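Architecture at a glance
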Amino acid sequence: GLVVKLESPPMGEIYFTSNGTSTTIASAGVFVKVTGVTTFDSNSMYFGTSNTNNRLVYTGTSTKVFHVAMTASYTCGNAKVVGLAIAKNGTTTGMEKSIIKDTNSSAGDVESSAIHVMPLLNQNDYIEVFVTNITDTTAVTLQTLNMFAMGMSQGTD
């Protein structure tokens with residue numbers, strides 16, 4: 001008879017739960033990589049970290065479309081417009097569809113945001129979370145972060 005072999009899709013996940021390190025914003029509106037020590041989830045398949053915080057590296061050999069999701073909570077001064085984005089290979093260029101903006105209402109408020117995007121990843125492409133303060137150069141502190149990528153297109157790895 002017909003035998004169907006189901007393989008787990010490539011997936012990877014990183015997170016932190018109590019980050020106290022601020023991300024320096026040198027220029028208002030310019031995205032930079034989020035600062036913080038992330039944990040690489042041991043259930044990840046076909047992903048690695050390259051020993052780099054806030055980075056998932058796709059190690060599979062098949063080019064695939066991925067569902068990338070990110071949730072984060074952050075603080076940033078009073079009435080600041082904060083932007084978050086998923087960067088691919090160190091840049092938000094080409095990933096503009098992932099950019100979201102949020103305004104915190106007062107100093108000390110913890111805001112939260114989420115991103116869902118579907119980029120095409122080739123072997124050794126990597127994704128990271130980037131942040132900016134659109135209002136001014138006040139630093140942004142992501143307190144919690146979770147980002148995962150799950151392969152969506154057909155193929156084997």
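Notes on the structure follow. (Residues numbered from 1 in each chain as written. Predicted model: local features only at pLDDT ≥ 70, side-chain atom pairs only at ≥ 80, totals over all residues. Heavy atoms only, no water.)

**Observations concerning the nonpolar core**
Inclusion rule: Only buried residues count toward a nonpolar core, which is a set of Ala, Val, Leu, Ile, Met, Phe, Trp, Tyr and Cys residues joined through side-chain atoms within 4.5 Å. Burial here depends on accessible area, computed with a 1.4 Å probe over protein chains only, as a share of the maximum for the residue type. Under 20% is buried, over 50% is exposed, and the range in between is partly exposed. Here a helix means four or more residues in a row that DSSP labels H or I, a strand means two or more in a row labelled E, and each is numbered from the N terminus. The contact definition used throughout considers only heavy atoms, calling two residues in contact when any of these lie within 4.5 Å.
Among the nonpolar cores identified, the biggest contains 28 residues, and M70, I86, L142 and M147 are the most heavily contacted of them. Counting only elements with at least two residues in this core, the list comes to β1 (11–16), β5 (56–58), β6 (64–75), β7 (81–88), β9 (111–117), β11 (126–133) and β12 (141–151). If you tally residues by element for this core, the top one is β6, at five residues. When near neighbours in sequence (up to four residues on either side) are disregarded, M147 contacts G12, E13, I14, L56, V68, A69, M70, I86, I127, E128 and V129.

**Quick notes on the pairing of β11**
The criterion, for reference: What makes two strands pair is DSSP finding at least two bridges between them.
The buried fraction of β11 is high, at eight of eight residues. Because side chains alternate across β11, one face comprises the buried residues Y126, E128, F130 and T132, and the other comprises I127, V129, V131 and N133, equally buried. As judged from the two bridges shared by strand β2 (residues 32–33) and β11, these two strands associate in the antiparallel manner. Residue pairing in the sheet places V32 in a bridge with V131 of β11. With two bridges joining them, β5 and β11 adopt antiparallel strand pairing. Looking at the pairing, V57 lines up with Y126 of β11. Summarising the sheet, β7 and β11 pair through seven bridges and their orientation is antiparallel.

**Focus on the side chain of N104**
Test applied: Definition of a polar contact: a pair of N or O atoms within 3.5 Å, with one able to donate and the other able to accept a hydrogen when the atoms are protein atoms, and with sequence-neighbouring residues admitted only if both atoms are side-chain atoms.
Inspection of the secondary structure assignment puts N104 in the loop between β8 (100–103) and β9. Within the structure, the side chain of N104 is placed 2.8 Å from the backbone nitrogen of K80, a separation counted as a polar contact. In this structure N104 touches C76, G77, N78, A79, K80 and E111, once residues within four positions along its chain are discounted.

**What about the environment of S18?**
As for its position among the elements, S18 is in the loop between β1 and β2. Among the residues examined, S18 registers a relative accessible area of 66% and is labelled exposed. Separated by 55 residues in the primary sequence, S18 and S73 have C-alpha atoms spaced 10.0 Å apart.

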